[in-house]
Amino acid sequence: MSTPISRATARTAPRTTLRPGLRRLALGAAASVAALGSLAAVSPAAYAQTGLGDGKSKERDHLTVTVRNAGNGADGTFELYCGPDGGSHPDPRGACAALERDTRWGQETFAPAPQGGFCTMQYGGPATAHITGTWAGRPVDATYDRRDGCQISRWDRLVPLLPDIGGGRRA
């Protein structure tokens, strides 16, 4: 003989376990978030210690920077190597430090300014730059100018890789 269960009892009975598939999904998601958090701390310096940036590997960080119309003797084409720092760039140590400071896991260091963004209508001068090569194991082909506030900010973020025009250096 079966005992009937009242509706009140059925509603108040606590659910003690997740379904096994849902539990696996929740644990997998938590593990993924934990792993991603640990990767966010990887810097180019740590990357260099893996042997890929040791100067002996074909994957050494190398950029070619071409600057035009910057004035004050800043125009030209410069080679930059990071890990170890060197090349014909006027300040290889500062340029590599600026790149390391601006490199974040999951973000493109040389990304263009977002389309449709709101930028101040200021003109920072005729200076342009073209950067090609490899940074943190990824190919680079980026152009820079100073035609509005967004582009000026993008340029100034990479000083001294790019010349300091108008006091844009970050501390």
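Residues numbered from 1 in each chain as written. Predicted model: local features only at pLDDT ≥ 70, side-chain atom pairs only at ≥ 80, totals over all residues. Heavy atoms only, no water.

1. Things to note about the overall build of the chain
Going by this rule: The numbering of helices and of strands both runs from the N terminus, where a helix is a DSSP run of H or I of at least 4 residues and a strand a run of E of at least 2. Buried means the residue's accessible area, taken with a 1.4 Å probe over protein chains only, is under 20% of the maximum for its type, while exposed means over 50%, and partly exposed covers the values in between. Any two residues whose heavy atoms approach within 4.5 Å are treated as being in contact. Residue-level accessible areas treat just the shown protein chains as cover; the underlying method is Shrake-Rupley with a 1.4 Å probe.
When you go through the chain residue by residue, the secondary structure sums to five helices and four strands. In sequence order, the secondary structure elements of the chain are arranged as α-α-α-β-β-α-β-β-α. In the chain, buried positions account for 31% of the 171 residues. Pairs at least 24 apart in sequence give 52% of the contacts found in the chain among residues at least 6 apart. When the accessible surface of the chain is summed, it comes to about 11200 Å², and 57% of that surface belongs to carbon and sulfur atoms.

2. Details of the nonpolar core
Heads up, the rule is: Note on terminology: a nonpolar core comprises buried Ala, Val, Leu, Ile, Met, Phe, Trp, Tyr and Cys residues joined through side-chain atoms within 4.5 Å.
Counting 24 residues, the largest nonpolar core has Leu99, Phe110, Ile131, Tyr144 and Leu161 as the members making the most contacts within it. Elements represented by at least two residues in this core include exactly strand 1 (61-68), strand 2 (76-82), helix 4 (92-102), strand 3 (128-135) and strand 4 (138-145). What leucine 161 contacts, discounting residues up to four positions off in sequence, is Val65, Leu80, His89, Ala95, Leu99, Phe110 and Ile131.

3. Here's the deal with the side chain of arginine 154
Let me state the cut-off plainly: Polar contact criterion, stated in full: a pair of N or O atoms within 3.5 Å, where within protein one must be able to donate a hydrogen and the other to accept it, and residues adjacent in sequence count only if both atoms are side-chain atoms.
Tracing the backbone through its elements, the reader meets arginine 154 in helix 5 (residues 149-156). Polar side-chain contacts of arginine 154 include one of 3.3 Å to the backbone oxygen of phenylalanine 110. In terms of polar contacts, arginine 154 uses its side chain to reach the backbone carbonyl oxygen of alanine 111, at 2.8 Å. Once residues within four sequence positions are removed from consideration, arginine 154 is found in contact with Phe110, Ala111, Pro112, Ala113, Ala142, Thr143 and Tyr144.

4. Focus on the packing of aromatic side chains
Just so we agree on the cut-off: Aromatic pairs are defined between Phe, Tyr and Trp rings, using the six-membered ring for Trp, whenever the two ring centres lie within 6.5 Å; interplanar angles under 30 degrees are classed as stacked, those over 60 as edge-to-face, and all others as tilted. Two thresholds decide whether a charge sits over a ring: the Lys NZ or Arg CZ must be within 6 Å of the ring centre and within 35 degrees of the ring normal.
Taken as a whole and assessed by the stated rule, the structure comprises zero aromatic pairs. In this structure, arginine 154 is placed above the aromatic ring of tyrosine 144, and the distance from its NZ or CZ to the ring centre is 3.8 Å.

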